[in-house]
Amino acid sequence: MSESSAEAVVAATANVAGAAGAANWRRAGIAGAAIGVLAAGAAAGVAVERLTVGRGMRKKARLALDATGPYGSLRGTPGRAVADDGTELYYEIDEVEVAPTTADEGASGSRRRRLFGRKAPAPVTVVFSHGYCLGQDSWHFQRAALRGLVRAVYWDQRSHGRSERGRSQADGVPVGIDQLGRDLKAVIDAAAPEGPVVLAGHSMGGMTMMALADQYPALIRDRVAAVALIGTSSGKLGEVNFGLPVAGVNAVRRVLPGVLKALGSQAELVEKGRRATADLFAGLIKRYSFGSKDVDPAVARFAERLIEATPIDVVAEFYPAFTEHDKSGALPGFRDVPVLILAGDKDLVTPSSHSEAIADVLPEAELVIVPDAGHLVMLEHPETVTDRLADLLVRSGTVPAANVGGHGSTAQQPGR
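Participant: Before we go on, may I ask you to explain the pattern of salt bridges in this structure?
Facilitator: Pairs can form between side chains of opposite charge whenever their charged atoms are close. Enumeration according to the criterion identifies 24 salt bridges in this entry. One salt bridge in this structure joins Lys-346 and Asp-372, with 2.9 Å as the shortest N-O distance. Separated by 26 residues along the polypeptide, Lys-346 in the loop between strand E7 (339-344) and helix H15 (352-361) and Asp-372 in the loop between strand E8 (366-370) and helix H16 (377-380) bring together distant segments of the chain. Residue Lys-346 is classed as partly exposed on the basis of its relative accessible area, which comes to 41%. It is possible to trace a salt-bridge network through shared partners that takes in Arg-75, Glu-92, Asp-94, Asp-137, Arg-143 and Arg-147.

Laid out in structure tokens, this is it:
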């Protein structure tokens, strides 16, 4: 993409910001598409090739993929945690399948447990935290592969998925990464109050884990058995160029605060425009979510659905938190446990150099850079991500090696 093309798109977006109060939904649609890049974790200013297939045919194709795609269909036992500002946070639990021991079998075993008050130790719980403008279903492949192997908690961050819109934000309080760390603590208290915990987070979810470590070091020290940081960053996100030329990204940063403010105040109008520009939106998501050219169309459509489900005002509301994010000082709290750091080599949102910077602070961690992978690496290369997670669980003693077996592959996943 040339610098002039980038600046042209940015200029169009800036014009929308200036005329946000006007009932011109076509211009708002351009802005909605631009902010859709942010929903994929990037910034405005991307050129998309013209599509040659008719709009009606493309719409039918999307509907067909929605009807046949199994992704996001896995469900667990629902629960709700309450954040410190009263926001209800939705989570689901997949329980581990435990084979009964000899002592558990028969009436005599049950009678001994009653007499002596024996209680099985709390199992290890793996808590999965999703990224910006996604939801717990973004872990679909990993959930399918690890189901029954470990006790797992999947939750929706505030204002995302099935969780309640942040109550503080409804009152005008800006959302910050520290708030997300406190939200994660509330989920752990509600869904895994006892026993060891493994933390796994993608993008914003990894930042949420860093905020947890920053504010609750005793929890990390006493209960966390392992950590997985996937496609995330400990800071300096304001320096990411999103694959744009210098002039283009600088122009984006100049107009972005005004664009965000305008879009957040015109949510209904912009949502209409974003739907009208679905083809452009799909192209932006593909560019900023995936690194390979042959992504399964159903998986690409699944990513679109996840991002489309995030209201535009939530997109705008969360974005400023990333420029302020700096949790490099919290990383040493993970030094005493096994850590997996994983990123795609073509990630334009949180470049792999950010994962390498985390690894510099955690030299004992396993660093995995996945070839031909973008930001949504857990959807694009699910077997690789699941395999490394399974290995982390073995290294941390969470599951015995004999149980991992075929869980590194999603080829025969349930519901697929």
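Moving on from the model shown.
Participant: Explain the confidence of the model for the protein chain to me, please; I cannot follow it from the model alone.
Facilitator: Any region with low pLDDT has predicted coordinates that should not be read closely. Mean pLDDT over the protein chain stands at 79; residues scoring 70 or higher make up 67%. Across residues 101-115, confidence stays below pLDDT 50; counting only partners more than four residues off in sequence or on other chains, it has 9 contacts. Contacts for the low-pLDDT stretch residues 412-416, under 50 throughout, to residues beyond four places or in other chains number 12 contacts.

Participant: In this structure, what is going on with the environment of Val-252? I would like to understand it.
Facilitator: Looking at where Val-252 falls in the secondary structure, it is placed in helix H10 (residues 246-265). We classify Val-252 as buried; its relative accessible area is 2%. Separated by 11 residues in sequence, Val-252 and Asn-241 place their C-alpha atoms 9.8 Å apart.

Participant: So what exactly am I meant to see when it comes to unusual backbone geometry here?
Facilitator: Negative phi characterises most residues that are not glycine, and trans characterises most peptide bonds. Not every positive phi belongs to a glycine, and Lys-236 is a case in point at roughly 65 degrees. Along the polypeptide, Lys-236 turns up in the loop between strand E6 (224-230) and H10. Although it is not a glycine, Asp-372 adopts a positive phi angle of roughly 55 degrees. Given a relative accessible area of 31%, Asp-372 falls into the partly exposed group.

Participant: Got a minute to help me understand the packing of aromatic side chains in this structure?
Facilitator: Aromatic ring pairs are defined here through the distance separating the ring centres and the angle between the ring planes. Counted according to the given criterion, the structure contains 6 aromatic pairs. When the centroid spacing of 4.7 Å and the interplanar angle of 10 degrees are considered together, the rings of Phe-128 and Tyr-154 count as stacked. Taken together, the positions of Phe-128 in strand E3 (residues 125-129) and Tyr-154 in strand E4 (residues 151-155) put the pair 26 residues apart, joining distant regions of the chain. Of the residues examined, Tyr-154 reaches a relative accessible area of 1% and is grouped as buried. Here the aromatic residues Tyr-71, Phe-141 and Phe-302 are joined through ring pairs into a cluster of three or more. Its guanidinium or amino end placed over the ring of Tyr-216, Lys-185 lies 5.2 Å from that ring's centre, counting from NZ or CZ. Positioned above the aromatic ring of Tyr-288 is the side chain of Arg-287, whose terminal nitrogen or guanidinium carbon lies 5.4 Å from the ring centre.

Participant: Explanation requested: the sheet that holds E6 in the structure shown.
Facilitator: In sheet architecture, strand pairing relies on hydrogen bonds along the backbone and comes in two forms, parallel and antiparallel. One open sheet accounts for 8 strands, arranged E1-E2-E4-E3-E5-E6-E7-E8; its pairing is mixed. Every other strand in the sheet has two partners, leaving strand E1 (77-82) and E8 as the edge strands with one partner each. Strand-to-strand, the axes of this sheet are offset by a mean angle of 20 degrees, without reference to chain direction. Pairing geometry for E3 and E4, over 5 bridges, is parallel. Bridging across to E4, Thr-125 finds its partner in Arg-151. Seen against the sheet, H15 touches E6, E7 and E8 and runs at an angle of roughly 160 degrees to E7. Where helix H17 (residues 382-395) meets the sheet, its contacts fall on E3, strand E5 (197-202), E6, E7 and E8, and the angle it forms with E7 comes to roughly 170 degrees.

What counts, and where the lines are drawn
Residues numbered from 1 in each chain as written. Predicted model: local features only at pLDDT ≥ 70, side-chain atom pairs only at ≥ 80, totals over all residues. Heavy atoms only, no water. Salt bridge = Lys/Arg side-chain N within 4 Å of Asp/Glu carboxyl O. Helix = DSSP H or I, 4+ residues; strand = E, 2+ residues; numbered from the N terminus. Buried < 20%, exposed > 50% of the residue type's maximum accessible area, 1.4 Å probe, protein only. pLDDT = per-residue confidence, 0-100. Contact = heavy atoms within 4.5 Å. Phe/Tyr/Trp six-rings, centres within 6.5 Å; stacked < 30°, edge-to-face > 60°. Lys NZ or Arg CZ within 6 Å of the ring centre and 35° of its normal. Pairing = 2+ DSSP bridges. Axes fitted to C-alpha atoms, helices over the stretch in contact; angles between N-to-C directions.

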